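# A structural walkthrough
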Amino acid sequence: MGDYRVDPDRVIGVLASVDDAGVGIADAISGIDALALEGGSLSVDGRRTLSAAWGDFLEERSLVPGKLAHIVAASATAVTEATTAVVAGDVEMSVTAGEAESRALDDWGIDSLDAYTSGVYG
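What counts and how
Residues numbered from 1 in each chain as written. Predicted model: local features only at pLDDT ≥ 70, side-chain atom pairs only at ≥ 80, totals over all residues. Heavy atoms only, no water. Helix = DSSP H or I, 4+ residues; strand = E, 2+ residues; numbered from the N terminus. Buried < 20%, exposed > 50% of the residue type's maximum accessible area, 1.4 Å probe, protein only. Contact = heavy atoms within 4.5 Å. Areas by Shrake-Rupley, 256 points an atom, 1.4 Å probe, with all protein chains shown as cover. Expected span 1.5 Å × (residues − 1). Axes fitted to C-alpha atoms, helices over the stretch in contact; angles between N-to-C directions. Parallel < 35°, antiparallel > 145°, perpendicular 65-115°, else oblique. Left-handed = near helix turned anticlockwise from the far one by under 90°. Nonpolar A, V, L, I, M, F, W, Y, C, P; charged D, E, K, R; others polar. pLDDT = per-residue confidence, 0-100. Phe/Tyr/Trp six-rings, centres within 6.5 Å; stacked < 30°, edge-to-face > 60°.

## A short note on the overall build of the protein chain
In terms of regular secondary structure, the protein chain is built from five helices and zero strands. Along its sequence from the N terminus, the protein chain presents helices and strands in the succession α-α-α-α-α. Per-residue burial for the protein chain yields a buried fraction of 12% across its 122 residues. Excluding contacts between residues fewer than 6 apart, the proportion of contacts in the protein chain whose partners are at least 24 apart in sequence is 53%. Summing over all exposed atoms, the protein chain offers an accessible surface of approximately 9,100 Å²; the carbon and sulfur share of this is 60%.

## Details of the side chain of S51
With respect to the helices and strands, S51 occurs in helix 2 (residues 49–61). With sequence-adjacent residues up to four places away left out, S51 is seen in contact with G39, G40 and L42.

## Quick word on helix 3 (residues 63–87)
Helix length check: helix 3 (25 residues) gives 36 Å between terminal C-alpha atoms against 36 Å at 1.5 Å per residue, within 8%. Residues of helix 3 that are buried include every one of P65, T83, A85 and V86, and no others.

## Description of the packing of helix 1 (residues 8–39) against helix 2
For the pair helix 1 and helix 2, the least separation of the axes is 9 Å and the interaxial angle reads 165°. As summarised for this structure, helix 1 and helix 2 are arranged roughly antiparallel, according to the angle between their axes. The handedness of the crossing between helix 1 and helix 2 comes out as left-handed. Between helix 1, through I32, L35, A36 and G39, and helix 2, the contact on the second element is made entirely by S51, W54, L58 and R61. A per-class count over the contact of helix 1 with helix 2 returns five nonpolar, two polar and one charged.

## Considering the confidence of the model for the protein chain
For the protein chain, mean pLDDT is 75; residues scoring 70 or higher make up 74% of the total. Here helix 5 (residues 113–117) is the element of the protein chain with the lowest mean pLDDT, 64, and helix 2 is the one with the highest, 82.

## Overview of the packing of aromatic side chains
Under the criterion given, the structure shown has one aromatic pair. For the ring pair W54 and F57, a centre distance of 5.7 Å and an interplane angle of 25° mean the geometry is stacked. Here W54 pairs with F57, and both are found in helix 2, just three residues apart, close to one helical turn.

## Remarks on the packing of helix 2 against helix 3
Where helix 2 meets helix 3, the closest approach of the two axes is 5 Å, and the angle between their N-to-C directions is 5°. In terms of their interaxial angle, helix 2 and helix 3 are classed as roughly parallel. In this structure, helix 2 contributes E59, E60 and R61 to the contact, and helix 3 contributes L63, V64 and P65. Its residues placed into classes, the contact of helix 2 with helix 3 shows three nonpolar, no polar and three charged.

## Here's the deal with helix 1
Quick reminder: α-helices carry 3.6 residues per turn. Residues three or four places apart thus point the same way. Over its 32 residues, helix 1 extends 47 Å from the first C-alpha to the last, a length consistent with the 46 Å expected when each residue adds 1.5 Å. All of the buried residues in helix 1 are V11, I25, I32 and G39. The secondary structure elements touched by the buried residues of helix 1 are helix 2 and helix 3.

Here is the structure:
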């Protein structure tokens, strides 16, 4: 079995970058809210058909940034928990990671990051 090491400072740096990118998601949520308000004034000859169509169009799309933010937050939490487990020496997690790495190579031909960065593949 391999020796698993994690650089917590590097993980924190990556998560901080993800957090910084989250500002764009927040901006998108605000932008959709603003577009929804602007669409409320759409009318032609007193008819609200265009406004209703605009509302329908945005209704589905307005959920996307929020769902994306939720997925990113859940993934960041999982990375944090996994990093903590490896740093704390969780043997079961190390074994599971080793088995997953071995299966990835055997089943799909995907080798470990160390193999790719060490020059084994060119």
